[in-house]
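So you can see what is in the structure, the chains are spelled out below.
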Amino acid sequence: MTAEPDFVQACEGPVFIGPDSGTLACPCGQTLIEGYAPARFLAVAIQCGQCAAVTLTAGLPAGTAPPTAVVVAEPVAEIRTGTTTIPPNVYVVGRREYDRIAALYQPHTPADNVYLITAALLDEVAAAHQAALGVPLPESSIRTADDPFAGSSQHALAWAVAHLRGRLQAHTWASRESEASSAAATNVAAFLHFVRTWSHHPLFPAMAATAADRGFSLHGLAPFAAAHCLTMQGNRIGFPTPVEAPGRIGHIYVATGPSGMVAVHPEVFDRFEYPYGSVWDASSLRAAVSEVVLRSQGRINLKNPGMLLLSPGVALGGYDEALIESVKAAVQTAGRKNRGLLAVAPIVLRMQDTPDPHAVRFGYGLFPILNRHYRGEMLAGAPG
């Protein structure tokens, strides 16, 4: 079957000039693309201006990370009367291929954000852990008499499952009955949210291995939660391809403007995290945030522009709102000094009560605070 053309050559020269060294020619010998590389023109159909044959380039190879900065070619047989030069960081992708890639590589928002804590749900968690890593969920001992959080620092998910299995034996219990039960239910919901959002992605093994290094804690899951939030806010995101399998993912990418992209660097900000962090107040929180933002200049600067992602975990007493205000103040102060800093984005939980005391309604909120002194293209999507 002949492909429907995206472009019709109506110029003397090639339709495109790319930044590479190859040439794409029609079987009749007519040059269609100079400076051609297959990775830069994915499933693009060009009708030859000499013989009218349609040449279709290959799609994205399996296991290859998709490009971030793209121009989508619609199958409308666009007449090209002149040659277009493609910048080095831009890729041309056919519409059908773009939609296929998006379905494969973009996050899937879970259909339901309510998690009913039952023995069956905890079995699902254990099975998902086994499937993702190939090993059983570790055992975790509980010492409720002196410290109900014992074991949470070593492996948050294993502790959460063990704690909830113990509480399910009680005649009466609720997900909000105590700080420990609330934290355990939150950890379980966060893990399942991660699995349901990303398990279809070709890089999910690397994502799971990365999060497992932190015991699937909120900090381990934060980069992937932020990637989901950025997508929902209208941004295009991507992940670096791990060097080895499954590898690890140390940062994510977010598109800025039509062709640029910058790295998003996660930062564990656990100084005030409950239950082992320090007690916070407005002054100490503002000083700590300012210190972290200023310190980030070592890896985020004009030579290496990017965004700082803050993962605070869970703290009590109106902490999330105070954190966001502290970030705003820190960006205003530090932004002029670091014009390579695109934004600082705290990611916080958005939990809601449900009529069922055994269930939790789980979600995230990402709040990118933009640096108005940043020298570069801003986010492609407007953050919420």
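Going by the structure above, here's the rest.
Residues numbered from 1 in each chain as written. Predicted model: local features only at pLDDT ≥ 70, side-chain atom pairs only at ≥ 80, totals over all residues. Heavy atoms only, no water.

Trainee: Now, about the overall build of the protein: what can you tell me, with residues and values included?
Mentor: The secondary structure content of the protein amounts to eight helices and 20 strands. A principal-axis box enclosing the C-alpha atoms of the protein has dimensions of 85 × 50 × 40 Å. Within the protein, the proportion of its 384 residues that are buried is 50%. Of the contacts formed within the protein by residues at least 6 apart in sequence, a portion of 65% connects residues at least 24 apart. Distance from the positive charge centre (26 side chains) to the negative charge centre (30 side chains) of the protein: 8 Å. (Helix = DSSP H or I, 4+ residues; strand = E, 2+ residues; numbered from the N terminus. Buried < 20%, exposed > 50% of the residue type's maximum accessible area, 1.4 Å probe, protein only. Contact = heavy atoms within 4.5 Å. Lys, Arg positive; Asp, Glu negative; His and termini not counted. Charge placed at Lys NZ, Arg CZ, Asp CG, Glu CD.)

Trainee: How would you sum up the sheet that holds strand E2 (residues 16-17)? Please name residues and give values.
Mentor: Note: strands within a sheet are paired through backbone hydrogen bonds, in either parallel or antiparallel orientation. Spatially, four strands are ordered E3-E4-E2-E10 in an open sheet, and the strand pairing comes out mixed. Each edge of the sheet is formed by a strand with only one pairing partner; in this case those strands are strand E3 (22-25) and strand E10 (84-85). (Pairing = 2+ DSSP bridges.)

Trainee: Quick one: what's the story with the side chain of Ser311, residue by residue and with numbers?
Mentor: For Ser311, the location among the structural elements is in strand E16 (residues 306-311). What makes Ser311 buried here is its relative accessible area of 5%. Here the side chain of Ser311 touches His219 through a polar contact of 2.7 Å, side chain to side chain. Excluding anything up to four places from it in sequence, Ser311 contacts Leu218, His219, Ala222, Glu267, Val268, Phe269, Asp270 and Ile347. (Polar contact = N/O pair within 3.5 Å; in protein donor to acceptor, adjacent residues only side chain to side chain.)

Trainee: Run through the side chain of Asn338, naming residues and quoting values.
Mentor: Summarising the element assignment, Asn338 is placed in the loop between helix H8 (319-334) and strand E17 (341-349). Looking at Asn338, the relative accessible area reads 4%, which means it is buried. Engagement of the side chain of Asn338 in a polar contact is seen with the backbone nitrogen of Gly340, the distance being 3.2 Å. Not counting chain neighbours up to four residues away, the residues in contact with Asn338 comprise Gln297, Ile300, Asn301 and Asn371.

Trainee: Quick one: what's the story with H8, residue by residue and with numbers?
Mentor: Each α-helix winds once per 3.6 residues, and so residues spaced three or four apart point in a common direction. Helix length check: H8, at 16 residues, gives a terminal C-alpha distance of 22 Å against a target of 22 Å (1.5 Å per residue), a fit within 8%. Regarding H8, the residues found buried are Tyr319, Asp320, Ala322, Leu323, Ile324, Ser326, Val327, Ala329, Ala330, Val331 and Ala334. Residues of H8 that are buried sit in contact with helix H7 (282-295), E16, E17 and strand E20 (369-370). (Expected span 1.5 Å × (residues − 1).)

Trainee: Can you lay out the packing of aromatic side chains for me, pointing to particular residues and giving the numbers?
Mentor: In total, this model carries 15 aromatic pairs according to the counting rule given. Between Phe194 and Phe216, the ring centres sit 6.4 Å apart and the planes meet at 50°, which makes this aromatic pair tilted. One end of the pair, Phe194, is in helix H4 (residues 179-198); the other, Phe216, is in the loop between helix H5 (204-212) and helix H6 (218-232), with 22 residues separating them in the sequence. Here Phe194 matches Phe216 in class, with each residue buried. The interplanar angle of 40° and the centroid separation of 6.2 Å between the aromatic rings of Phe224 and Phe239 together place this pair among those described as tilted. Here Phe224 is found in helix H6, whereas its partner Phe239 is found in the loop between strand E13 (237-238) and strand E14 (252-256), with 15 residues between them in sequence. With a relative accessible area of 1%, Phe224 lands in the buried category. Classification of Phe239 by relative accessible area gives buried; the value is 7%. Sitting over the face of the ring of Tyr91, Arg40 holds its NZ or CZ atom 4.9 Å from the ring centroid. (Phe/Tyr/Trp six-rings, centres within 6.5 Å; stacked < 30°, edge-to-face > 60°. Lys NZ or Arg CZ within 6 Å of the ring centre and 35° of its normal.)

Trainee: Which residues make up the sheet that holds strand E8 (residues 70-73), and what are the values?
Mentor: Strand order in the open sheet made by the three strands is E5-E11-E8, with parallel pairing throughout. What marks the edges here is a single partner per strand, and that holds for strand E5 (41-42) and E8. Sheet topology places E5 next to strand E11 (residues 91-94); two bridges connect them, and they run parallel. Counted as the bridge partner of Phe41 is Val92 from E11. Across the face of the sheet, helix H1 (residues 95-105) comes into contact with E5, E8 and E11 while running at roughly 95° to E11. (Axes fitted to C-alpha atoms, helices over the stretch in contact; angles between N-to-C directions.)

Trainee: Explain the environment of Val70 residue by residue, including any values.
Mentor: Note that Val70 resides in strand E8. With 144 residues separating them along the chain, Val70 and Arg214 place their C-alpha atoms 34 Å apart.

Trainee: Hey, could you go over a nonpolar patch on the surface for me, with residue numbers and the actual values?
Mentor: On the surface, a nonpolar cluster with roughly 230 Å² of combined accessible area is contributed by Tyr274, Val314 and Leu316. Note that Leu316 resides in the loop between E16 and H8. Note on Leu316: relative accessible area 42%, which makes it partly exposed. (Patch = residues over 30% accessible without salt bridge, like charges linked within 9 Å, V, L, I, M, F, W, Y side chains within 5 Å. Areas by Shrake-Rupley, 256 points an atom, 1.4 Å probe, with all protein chains shown as cover. Salt bridge = Lys/Arg side-chain N within 4 Å of Asp/Glu carboxyl O.)

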